[in-house]
Amino acid sequence: METVNTTSSPLESLKRDFASGESSVESFANSSAAYGSLKFLTTSTGDDVLEVDKDSVPAVFQQFKDSGRFDFLMDVTAVDHLNQMAGRQKRFDVVYHLFSSKTYARLRVKAQVGEGEAIPSISPIYRAANWFEREAYDMFGIHFSGHPNLTRILVHHEFVGHPLRKDYDADHQQHCSSAMPLHFLPDPNFKSEGRQLLPLNIGPSHPATHGTLRVMAEVDGETIARANVELGFLHRCFEKMAETHPYNQVIPYTDRLNYCSAPMNNIGYCKAVERLLGVEIPARAQAMRIVLAELSRIIDHFVCIGANAVDLGALTGFFHLFTYREMVYSLFEKLCGARLTVSMTRIGGMAQDAPEGWFDDVLETCKKISEGVDQLDGLLTGNKIWQQRTQGVGKISAEDAIAWGYTGPCLRAAGVGLDLRRAQPYYGYDQLDFKIPVGTTGDVFDRYLVRVAEMRESLKIIEQVCKNMPSGDYTIRDKSIVLPEKSEVYGNIEGLMNHFMLVIKGLRPPVGDLYDATEAANGELGFYLVSDGSGRPYRLKVRPPCFAIYQSFPDQITGGLLADVIAILGSMNLIAGELDR
Amino acid sequence: MDEMAKSFAFTTRLDDIVAWGAKNALWPLPYGTACCGIELMSVMGPKYDLARFGAEVVRFSPRQADLLLVAGTITEKMAPVLVHIYEQMLTPKYVISMGACASSGGFYRSYHVLQGIDKVVPVDVFVPGCPPTPEAVLDGVMTLQRMIAEHTPRPWAEGWKRPSFIKPIT
């Protein structure tokens, strides 16, 4: 992959573009007045921010899209500033996160919206915006004018109010009396044309929908005539819980986002908070995090491939892969006592050092896993039934994948070699020798191949890191961030006071906001963190990779066969915990 | 049966032998919604092997299952679905609540999480943990087996009515 200089800020050229009114599209070339008042900022953490009027949002985004400057819309969310109204006129911020797959530049766009006001939807410009805007409506009650289907998405349909508003109590529950009947999106172009369509409900409790996904379809024989999905069956209010807990107590909640690879979520969250605090963790902690993350990536792919194969009738692969998954669990148990949800990272480093000989155990296990992956390869890759069920199924082009906001193995299977470990390296990934596997067609088979190849690359990474494990401390020793050692707490009054102060008051990052992303097993896992200087996050928004991927699902399966729905669903690696949060 | 009674000497009561059969042939419906669902996969998997306890035949149809194994958070949105599934199961039916979320809402004391599935369905065994280790789940299954073998009275299940806030699904 070519390397691109990511250090140069896109801000300067961006400013020039807007100031001179130069644009690749004529309608916006006339004057910068078309964009209203624009304000370019760079935050203390180095994020580029553009503040715009809400009415000029479509024009600005059209410019970004047409100029090819930002091809990805990573996230749309909102912030309720009810408790921070000083110096503001309007209550809400609608926040957009843009990303470029060419220059790896990021830009945050903010628009202020008042109570009861509407902001133009950008879903006609960026397809990925659809669900993200629906979510902002659901959580904050912000109206997006021109949105094709502005309905609730995460909370149940009988819910009253908007839970992420600051004046909604975190524990105010509202019972739901019944499940929603089958429903489809209003589509004026849809005609049944005399076909006898059979409505079919798949899920949420169905063996192939992994417990919490609901797919609604109308089938013409074996063909899907139209489809829709419903989510929110596992909406556990992660973001509200984060707002009501001190920073370190949010870590166990992040475990339960993508519970197939829990440590990666810990790492993503801690990395975001550490950047906000402006601290760098010691080399040993970085290396430990890489080992944990790559082990997690492997077991996440195990579950994905195993479950996908089970759904298509191949139980052997599942039993085979879970044998190796148990080995990784044993490693985690040895490291910290927990198996699935380890919560091993702390802000500032790790919770504790690895026990003696742990890294040798890891190397030993990696050898076994490597054999297991080879056997999996032999079991499935050349298997005629597996090939026929997966090849040519769920194809997606690179352009479509980008338009939907795909990241991770699903995007790479479509032929885009984007991986944040290479694009925006962290923890020294840039010094490691590994490849980014890329597919060609983006079908289910390619996704499988990419995952298998990624497991091999992860094994390579673990081997390199474990053999060169840096010595030194496993955490920073900043008294305002990290709890002192227990011997200090019980041994001297300074340590005891330090411990009490941190437990009672929590660590307090400076006022500010930032977006930080890591390459999780499913793709880009982003955390948008707003701090008001108190001991709790003012707002924490997760950008879950599978949310954007699942958004394309009804489009992907329409016109295909019913049996392929299962194959595609399994290959997308949807984890309800992060999908619904 | 009369014929058999003439030719064999029974050393047990009939309901004991039925209970013995029932406890060793549980057919679980794995209602795995979240993290616990992944640990439940481990319980079913090669190392812990739930099959050793005769609970091998995992069924996703409530008509074919007698043990509802709720593994994972049940949200307000999911509650009517859970009740519907429980109602469809044939008697005698048992419920194991696996993990903190299913048992009490866990650390999700929040607006969209049901604070324990016993608010909507009767539970026989609660397995603590977040998520519980597979050993704990096996212990839960063994506890249930003991309850079945010993004919433990289950007043909570006998007197169960659908909660008033959940409509019947038509």
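Predicted model only: the values in this text are computed from it and were never measured. (Residues numbered from 1 in each chain as written. Chains lettered and ligands numbered in written order. Predicted model: local features only at pLDDT ≥ 70, side-chain atom pairs only at ≥ 80, totals over all residues. Heavy atoms only, no water.)

### As for the overall build of chain B
A tally of helices and strands in chain B yields seven helices and four strands. Reading chain B from its N end, one meets helices and strands in the order α-α-β-α-β-α-β-α-β-α-α. Taking 170 residues into account, the globule formula puts the C-alpha radius of gyration at 15 Å, and chain B, at 17 Å, falls close to it. Once the C-alpha set of chain B is aligned to its principal axes, its extents read approximately 65 × 40 × 25 Å. The burial tally for chain B puts 52% of its 170 residues in the buried class. In chain B, the share of contacts with a sequence separation of at least 24, taken over all contacts with a separation of at least 6, comes to 78%. Element-wise, carbon and sulfur atoms account for 59% of the exposed surface of chain B, whose accessible area totals about 7,600 Å². When the 16 basic and 16 acidic side-chain charges of chain B are each reduced to a single mean position, those positions are 8 Å apart. (Helix = DSSP H or I, 4+ residues; strand = E, 2+ residues; numbered from the N terminus. Rg over C-alpha atoms; globule rule 2.2 N^0.38 Å. Buried < 20%, exposed > 50% of the residue type's maximum accessible area, 1.4 Å probe, protein only. Contact = heavy atoms within 4.5 Å. Areas by Shrake-Rupley, 256 points an atom, 1.4 Å probe, with all protein chains shown as cover. Lys, Arg positive; Asp, Glu negative; His and termini not counted. Charge placed at Lys NZ, Arg CZ, Asp CG, Glu CD.)

### A closer look at the interface of chain B and chain A
In this complex, chain B contributes 40 residues to the contact, which on the side of chain A involves 53 residues. Taken together, the connections running from chain B to chain A amount to two salt bridges. A salt bridge links B:K77 to A:E230; the nearest nitrogen and oxygen atoms lie 3.2 Å apart. Linking chain B with chain A are 18 residue pairs in polar contact (both at pLDDT 80 or more), by the criterion used here. Broken down by secondary-structure element, the contributors of at least two residues to the side of chain B that touches chain A are β1 (28-32), α3 (35-44) and α4 (79-88) of chain B. The element that contributes the greatest number of residues to the side of chain B that touches chain A is α3(B), accounting for six residues. (Salt bridge = Lys/Arg side-chain N within 4 Å of Asp/Glu carboxyl O. Polar contact = N/O pair within 3.5 Å; in protein donor to acceptor, adjacent residues only side chain to side chain.)

### Focus on the sheet that holds strand β3 (residues 94-98) of chain B
Residues and elements named next belong to chain B. Read from one edge of the open sheet, four strands run β1-β2-β3-β4, paired in parallel fashion. Looking at the sheet topology across the chains shown, the edges are occupied by β1 and β4 (125-127). The average angle at which neighbouring strand axes cross in this sheet is 15 degrees, direction not considered. Looking at chain direction, strand β2 (residues 67-71) and β3 are connected through five bridges and run parallel. Bridging across to β3, L69 finds its partner in I96. (Pairing = 2+ DSSP bridges. Axes fitted to C-alpha atoms, helices over the stretch in contact; angles between N-to-C directions.)

### Looking at the sheet that holds strand β14 (residues 524-531) of chain A
Residues and elements named next belong to chain A. Ordered in space as β13-β14-β15, the three strands form an open sheet in which the pairing is antiparallel. The sheet is open, and its two edges are formed by β13 (512-519) and β15 (539-543), each paired on a single side. Strand-to-strand, the axes of this sheet are offset by a mean angle of 15 degrees, without reference to chain direction. Across five bridges, β14 lies against β15 in antiparallel orientation. Opposite L529, over in β15, you have L540 as the bridge partner.

### Description of the nonpolar core
Residue and element names in this part refer to chain A. Core analysis: the largest hydrophobic core is formed by 177 residues, its most contacted members being F61, F64, Y96, Y269, Y550 and F553. With 13 residues, helix α7 (residues 283-311) is the single largest residue contributor to this core. With sequence-adjacent residues up to four places away left out, Y269 is seen in contact with Y247, V250, I251, T254, I347, F527, P537 and L540. (Core = buried A, V, L, I, M, F, W, Y, C linked by side-chain atoms within 4.5 Å.)

### Considerations on the packing of α7(A) against helix α9 (residues 358-381) of chain A
Residue and element names in this part refer to chain A. Remark: α7 packs on α9, axes separated minimally by 12 Å, with the N-to-C direction vectors making an angle of 25 degrees. Considering the angle they form, α7 stands roughly parallel to α9. The handedness of the crossing between α7 and α9 comes out as left-handed. Within the contact between the two elements, α7 uses R284, M288, V291, L295, I298, F302, I305 and A309 and α9 uses W358, F359, V362, I369, V373, L376 and L380. A per-class count over the contact of α7 with α9 returns 14 nonpolar, no polar and one charged. (Parallel < 35°, antiparallel > 145°, perpendicular 65-115°, else oblique. Left-handed = near helix turned anticlockwise from the far one by under 90°. Nonpolar A, V, L, I, M, F, W, Y, C, P; charged D, E, K, R; others polar.)

### A closer look at the side chain of A:R543
Residue and element names in this part refer to chain A. Topologically, R543 is positioned in strand β15. Of the side chains with opposite charge, E524 comes closest to the buried, unpaired R543, at an N-O distance of 5.1 Å. Of the polar contacts made by the side chain of R543, one reaches the backbone oxygen of G405; its length is 3.1 Å. In terms of polar contacts, R543 uses its side chain to reach the backbone carbonyl oxygen of E524, at 3.2 Å. Not counting residues up to four positions away in its chain, the partners in contact with R543 are M74, D75, G405, T407, Y515, E524, L525, G526 and A548.

### Describing the pattern of salt bridges
Throughout the structure, instances matching the rule amount to 44 salt bridges over all chains. Three or more residues are tied together by salt bridges with common partners; here these are A:D47, A:R108, A:K110, A:K271, A:R275, A:D513 and A:D516.

### Things to note about the pairing of strand β10 (residues 223-230) of chain A
Residue and element names in this part refer to chain A. Taking burial as the measure, the eight residues of β10 include six buried ones, the bulk of the element. Direction of pairing for strand β9 (residues 214-220) relative to β10: antiparallel, over a ladder of seven bridges. Considered in β10, the bridge of D220 is made with T223.

### Some remarks on the state of the cysteines
All names here are of chain A. Under the counting rule described, the total for this entry stands at zero disulfides over all chains. The thiol of C270 is unpaired, and the distance to the nearest cysteine sulfur, on C336, comes to 13 Å. Note on C270: relative accessible area 0%, which makes it buried. (Disulfide = S-S within 2.5 Å.)

### Describing the environment of A:F140
Residue and element names in this part refer to chain A. Relative to the elements of secondary structure, F140 occurs in helix α3 (residues 129-140). With a relative accessible area of 1%, F140 lands in the buried category. Excluding residues within four positions of it along the chain, F140 makes contact with A78, V79, D80, F92, H162, L164, R165 and R539.

### Focus: a nonpolar patch on the surface
Taken together, A:L483, A:F500, A:V503 and A:I504 make up a surface patch of nonpolar side chains, about 410 Å² in accessible area. Note on placement: A:I504 falls in helix α16 (residues 493-505). (Patch = residues over 30% accessible without salt bridge, like charges linked within 9 Å, V, L, I, M, F, W, Y side chains within 5 Å.)

### Points about the packing of α7(A) against helix α14 (residues 444-467) of chain A
Residue and element names in this part refer to chain A. Running from amino to carboxyl end, α7 crosses α14 at an angle of 155 degrees, the nearest separation of the two axes being 9 Å. For the element pair α7 / α14, the angle class is roughly antiparallel. Judged by the sense of rotation from one axis to the other, the crossing of α7 with α14 is left-handed. Across from A287, I290, V291, E294, L295, R297, I298, H301, F302, C304, I305 and N308 in α7, the residues of α14 making contact are V444, Y448, R451, V452, E454, M455, S458, L459, I461, I462, V465 and C466. Residue classes in the contact of α7 with α14 are distributed as 17 nonpolar, three polar and four charged.

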